[in-house]
Amino acid sequence: MAAIKLPVVITANDLLSGEAVYWHKSGIWSADLTGSQVFESLEQAQASLQQVVSDAVVIGAYLAEVLEEGNRLVSRHYREGFRERGPSNYCHGKQESLRQKVAV
Amino acid sequence: MYAYTEFDRAFVRDRVLQYRDQVKRRLNGSLTEDEFKPLRLMNGVYLQLHAYMLRVAIPYGSLTPRQMRRLADIADKWDKGYGHFTTRQNIQFNWPRLIDTPDILEALADVDMHAIQTSGNTIRNVTTDQFAGAALDEVADPRPYAELIRQWSTDHPEFQFLPRKFKIAITGGSDDRAVIRAHDIGLQLIDLKGRVGFRVFVGGGLGRTPIIGQELHEALPAEDLLPYLEAVLSVYNLAGRRDNKYKARIKITVGEMGIDVFREKVEAAFERLRPAFTGQDLSVLGEIQADFEPPRFLEKSQDVYFSALDSDTHFRAWVERNANPHKHPSYASVTISLKGHGNTPGDASAAQMRVMADLAERFGHEELRVSHEQNIVLPHVAQADLPEIYRQLGKQGLATANIGLVSDIIACPGMDYCALATARSIPIAQDIALRYERRESEIGDLKIKISGCINACGHHHVGHIGILGLDKAGVENYQVTVGGSAGNDAAIGQKMGRGFSFEELMPALDRLIDTYLAVRIDQSEAFVSTVERLGTIPFQEALYVIDKTA
Ligand code: HEM
Ligand code: SF4
């Protein structure tokens, strides 16, 4: 594995649904990347990872590389991009609920 | 069809109860994920990128209409209205919630289905020829043997912790339709002077180290099957490399030991184990075989069929591509394509599953099969009923006449779903199918297979054209192989050179296919034969022509 590029966020999958979730500044797990706590230091990120991850809520937590574009957060790697949106063959996953939100 | 005994039912029910309790304990915090993960995997529950995934076993790919309808109900109730049929002749649901998985398993148990041994280092679902019991070239129906192996291997105490997973495939006749030489053990039914026997291959496999299986036994009498398999497994269980996951498959064991030494060890083990098999296995086999009696074929007037062939060119094209000759002269085996142009290979909606179930009930002697090429087969239909079947399929977008053509692609889920993927495979399959839709009949037989990582779930190594999706410095990159084959002439495709980006891939395939069209003798020379005649160099040159001129 190549060295991790900063900045990073903490991501995992929700225990109940398996959905990709992100650790937010507000101290909750959320399905949105936007609002994630962004770490500029690997040590801090790893320390937080140990602290905030509870086996009872999420599984498979790790650090994911992001880019800050203006005040928007985007995933650096395409794998994380798919986790963030959903699959490309159907409008399922997060993109589905986004579309519903827009439609409302 | 094999009918579950009370023992089977109780066993499966018991597993559901155990699993329900395990999920409960996981959710109330008494089990950690580390403790729970192996338990959920043993019941077919994986974690993918966006959700959990449930992999349901379809033993040797056989389904009844009732089971197919139940899969449709599960898709509607607990998933997103569809299921994904895989090359392992299984079905996967991509969106179940953990808390629903016990209910899903219970719904499956109601129709004698389960998800046991769809993962882990065990003997997996035995795959077989999708035309079993129907094909013209068949020596004997492979399914009773597959079922016998299933019964012997399920919860076999010695083989629950093998060095690595173990896959067995059986084909019923001279034509290998089950890619047996890409499996840990491949079995081909043969005629031993009027008695049934097996040609046994060992050590095939794809993945990181693709190897074509070698012949271990040229003529094993059928009554020795289980003791012989047990001998192979026990040699592997001891000698298999447990120190390194990438060297743990039997193909590496056989490779390191050499086939001759391996065979000697198997024969020694066989001598030792043979006496323990006192014939109970054969009486079980006899009972199983009774469940697989062929249906009572019906004689129907062929008039409608012949007149439809004459008058409807679309129907005729579909029959030519999707109907396979049957043992019974006025019957056919129909392959229902799950490869509509632009669709996800292997996906079927709940509505489509119900139509297929209805057709099997009305016209197909209650049988459906899942082929390793990710299509659904009605093994026994009277030719007289083909026009009506075609019409009904058409209403559900299931009448695509493309079996064996460019768009009949095997593709793994790739990075759209799979947590292990290095690139996507589904969109590549969709793009190829749409791109060649108009030209594919002219191109003729050409099998493209796509995997989204080196694990090779999409069988890319044995595609006539294989495509492997990789991650090259954070960008999707596709490596092309040419000259693979999955049939009797099984071969691993050759890597052509550097990979292509997503955008470069389609133009590169155009050059490859145009070259084939230009150099083939005529339309009767299929792509594989042209590659065999000319080698891969002309194709390599076509792929990299831009490099040369740059
Ligand atoms: C999405 C979840 C999946 C995971 C996590 C997964 C994982 C793997 C892994 C790790 C291997 C390599 C094993 C080895 O060589 O020891 C493998 C091989 C394989 N898988 Fe999958 N797979 C998945 C889905 C599928 C699907 C959907 C299919 C069928 C379309 C499939 C069919 C196969 C086949 C045919 C192999 C062949 C390689 C061999 O056994 O030598 N897998 N899989
Ligand atoms: S080949 Fe790789 S990407 Fe495709 S399903 Fe298998 S493990 Fe996943």
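Here is what the cut-offs are and how they apply
Residues numbered from 1 in each chain as written. Chains lettered and ligands numbered in written order. Predicted model: local features only at pLDDT ≥ 70, side-chain atom pairs only at ≥ 80, totals over all residues. Heavy atoms only, no water. Pairing = 2+ DSSP bridges. Helix = DSSP H or I, 4+ residues; strand = E, 2+ residues; numbered from the N terminus. Axes fitted to C-alpha atoms, helices over the stretch in contact; angles between N-to-C directions. Contact = heavy atoms within 4.5 Å. Core = buried A, V, L, I, M, F, W, Y, C linked by side-chain atoms within 4.5 Å. Buried < 20%, exposed > 50% of the residue type's maximum accessible area, 1.4 Å probe, protein only. Domains from an automatic or database assignment. Buried area = accessible area lost by both parts, 1.4 Å probe. Salt bridge = Lys/Arg side-chain N within 4 Å of Asp/Glu carboxyl O. Polar contact = N/O pair within 3.5 Å; in protein donor to acceptor, adjacent residues only side chain to side chain. Nonpolar A, V, L, I, M, F, W, Y, C, P; charged D, E, K, R; others polar. Near = heavy atom within 4 Å.

Trainee: Account for the sheet that holds strand β2 (residues 52–56) of chain B, with residues named and values stated.
Mentor: All names here are of chain B. With antiparallel pairing, five strands are arranged side by side in an open sheet as β1-β2-β5-β4-β13. Edge positions in the sheet fall to β1 (45–47) and β13 (347–349), since each of these pairs with one other strand and no more. Going from strand to strand, the sheet's axes swing by 30° on average, the running direction of each strand aside. Where strand β4 (residues 82–85) lies against strand β5 (residues 91–93), two bridges are found, and the strand directions are antiparallel. Considered in β5, the bridge of H84 is made with Q92. Its contacts with the sheet place helix α2 (residues 33–42) against β1 and β2, and it is angled at close to 125° to β1. The sheet strands contacting helix α3 (residues 65–78) are β4 and β5, and the helix crosses β5 at an angle near 15°.

Trainee: Before we move on, can you summarise the nonpolar core with the specific residues and values?
Mentor: Residues and elements named next belong to chain B. Formed by 109 residues in total, the largest nonpolar core has its most connected members in M68, L71, F85, I149, I185 and F198. The biggest single contributor to this core is helix α6 (residues 225–239), with nine residues. When residues no more than four places from it in sequence are discounted, the contact partners of L71 are I58, L63, F85, I91, F93, L108, M113 and M353. Counting residues in each nonpolar core, the second largest holds 38 residues, with I467, F502, L512 and F527 among its members.

Trainee: Account for the domain arrangement of chain B, naming residues and giving values.
Mentor: All names here are of chain B. Per the domain assignment, the segments of chain B are domain 1 (6–110), domain 2 (134–291), domain 3 (303–395) and domain 4 (414–549). Taking only C-alpha atoms into account, the centre of domain 1 sits 34 Å from that of domain 4. Contact residues are listed per partner, giving eight residues for domain 1 and seven residues for domain 4. Interface area lost by domain 1 to domain 4 is led by Q48, L49 and T87, which between them contribute 63%. Counting across the interface, domain 1 meets domain 4 through zero salt bridges. Taken together, domain 1 and domain 4 are joined by four residue pairs in polar contact (both at pLDDT 80 or more). A class-by-class count of the residues in the side of domain 1 that touches domain 4 yields four nonpolar, four polar and no charged.

Trainee: Account for the environment of A:D32, with residues named and values stated.
Mentor: Residue and element names in this part refer to chain A. Positionally, D32 belongs in the loop between β3 (29–30) and α1 (42–52). Note on D32: relative accessible area 35%, which makes it partly exposed. It is 6.7 Å that separates the C-alpha atoms of D32 and Y22, two residues lying 10 residues apart in sequence.

Trainee: Tell me what's going on with the site of ligand 1, and back it up with residues and numbers.
Mentor: All names here are of chain B. Around ligand 1, the surrounding shell holds 21 residues, and the nearest of these are Q48, T87, L206, R249 and C457. Separating a nitrogen atom of ligand 1 from a side-chain N or O atom of K165 is a distance of 3.5 Å. Here an oxygen atom of ligand 1 and a side-chain polar atom of R249 are 3.0 Å apart.

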